[in-house]
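Fold and geometry: a report
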Amino acid sequence: MEQFYCTTRLFFGPDALQALHRVKAAKAMVVTDRFFSENGTAERIGKMLPGCQISYFDQVLPDPEVSLVAEATALLEKSEATVLLALGGGSVLDCAKAMVYFAKKRPMLIAIPTTSGTGSEVTSFSILTHDGVKHPLVDDSLRPDWAILDESLVSTLPPSLVADAGMDLISHAVEAIGAKNASPFTNALSHHALGTALHLLPRSFEGDSSVRGRIHAAATMAGMAFDRAGLGMCHALSHALGGRFHVAHGRLNAVLLPAVMQFNTPEAIARYADAARTCGIGYANDQMAFRSLLQQLKQLRRTLKLPQTLAQTGISPSLMRQHLGELARAAMEDPCINSSPIQPTRRQLEEVLEAISE
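Residues numbered from 1 in each chain as written. Predicted model: local features only at pLDDT ≥ 70, side-chain atom pairs only at ≥ 80, totals over all residues. Heavy atoms only, no water.

1. Brief notes about the overall build of the chain
Condition: Strands here are runs of E lasting at least two residues and helices are runs of H or I lasting at least four, both read from the DSSP assignment and numbered beginning at the N terminus. In this description the radius of gyration comes from C-alpha coordinates, and the expected globular size is given by 2.2 Å times residues to the power 0.38. Only protein chains enter the accessibility calculation, which uses a 1.4 Å probe; a residue whose area is less than 20% of its type maximum is buried, one above 50% is exposed, and one in between is partly exposed.
Each helix and strand in the chain was counted, giving 13 helices and eight strands. Relative to a compact globule of 358 residues, whose C-alpha radius of gyration would be 21 Å, the chain shows 20 Å and is just as compact. Principal-axis analysis of the C-alpha atoms gives the chain an extent of 60 × 45 × 40 Å. Buried positions account for 59% of the 358 residues belonging to the chain.

In structure tokens:
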């Protein structure tokens, strides 16, 4: 027996932030980063909570450390807030979700993503860093109670962030398609998310803000899909590389995804081909459909001006080889690897990394 569910209540479309007027609480905390604190967005959104005493934590950095989460959780408990509002990208949402997990009394969690990629606003995942290693925390309690998808918050994203987040969206959709626990319900979401991203990301990258609301929703759909289907080798390796070298997660996924798809073809080619046909890449032959999808992803990577190799991300081949065994071990221990369509050996993980190093 299989099952599918999403417990997060979604608010989307024009003026989705108005949903905050429905919140009833005496005390709330806004978790964000310095950017949204300094430009006044955090305070503006915090004030939308009616009659609420608001406290702020704006110290979230990329790849949040466990020690930062511990500090923030202590402040949350001291504030006695019964609502925790997370405003920001994946790192902010990961921090807030971990705070909820470790708090003695769970507050209501409202996620307001400001990038279109992580899908964290609807998932049971939180990625924390400790001693240079990214550790996925996975628990049902991590799913936010509400997710607010307001396209005004992504209308002015710079091209580089559109590209990085967009490839994160695509990698979520593609890995969910190939994952062990994929189902007709997760496929419906991941196929739609992938097709939307393939068709609209170039326009968003060029500055067309009119398509960003659709991409924002697609990122959430991809999150809903992988939260139930699982991920795979791409994310396991991306977490290992990101923890060691601190390269943007979406950028690493852009380099890794084609190589991982090729590795998975003995088991997943029919699934990839079905997704390709759903996205309008219409070849009856599975091999041709897969190759066309792979070429379209590589072309999109070039269009978005993203790196093609790990060396182009700033990871030197010699330094990568120096840490090769450590990276493969970290990926083998990552929970994402468990839902990969093919369970790789450590040596196979090393071979994938070597193949895309330069």
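Past the structure itself, the notes keep going.
2. Thoughts on helix α5 (residues 159-178)
Under the convention used in this document: A helix is expected to span 1.5 Å for every residue after the first.
Under the 1.5 Å per step criterion, the end-to-end length of α5 is 29 Å for 20 residues, consistent within 8% with the ideal 28 Å. Across the 20 residues of α5, 17 count as buried, placing the element largely inside the fold.

3. A few points about the pattern of salt bridges
For the record, the criterion: For this document, the term salt bridge refers to a Lys or Arg side-chain nitrogen within 4 Å of an Asp or Glu carboxyl oxygen.
Summed over all chains, the structure comprises 17 salt bridges. The salt bridge partner of Arg-203 is Asp-208, with a shortest N-O separation of 3.0 Å. In this structure, the salt-bridge partner of Glu-354 is Arg-347, at a minimum N-O distance of 3.2 Å. Residue Glu-354 is classed as partly exposed on the basis of its relative accessible area of 33%. Its relative accessible area of 41% is what places Arg-347 among the partly exposed residues.

4. Topic: the packing of α5 against helix α7 (residues 212-229)
Each pair of packed helices can be described by the angle between their axes along with the distance between the axes. Here is the rule we go by: Helix axes are fitted only over the stretch in contact, all axes being lines through C-alpha atoms; the angle between N-to-C directions runs from 0 to 180 degrees. Crossings are sorted by hand: turned counterclockwise from the far helix by less than a right angle, the near helix makes the crossing left-handed, and turned clockwise it makes it right-handed. Every residue pair with non-hydrogen atoms within 4.5 Å of one another is taken to be in contact. Each residue receives one of three labels: charged for Asp, Glu, Lys and Arg, nonpolar for Ala, Val, Leu, Ile, Met, Phe, Trp, Tyr, Cys and Pro, and polar for the others, Gly being one of them.
α7 packs onto α5 with a crossing angle of 35° between their chain directions and a minimal axis gap of 8 Å. For the pair α5 and α7, the sense of crossing is left-handed. Contact residues: α5 offers Val-162, Leu-169, His-172, Ala-173 and Ala-176, while α7 offers Arg-212, Ile-215, Ala-218, Ala-219, Ala-222, Ala-225, Phe-226 and Ala-229. When its residues are assigned to classes, the contact of α5 with α7 shows 11 nonpolar, one polar and one charged.

5. Topic: the pairing of strand β6 (residues 125-130)
We count it as follows: In this scheme, strands are said to pair when DSSP sees at least two bridges between them.
Summarising burial for β6: five of the six residues are buried, a large majority. Where β6 lies against strand β7 (residues 133-138), six bridges are found, and the strand directions are antiparallel. Residue pairing in the sheet places Phe-125 in a bridge with Val-138 of β7. Remark: two residues form the turn of the hairpin made by β6 and β7, two consecutive strands paired antiparallel; Asp-131 in that turn has positive phi of roughly 55°.

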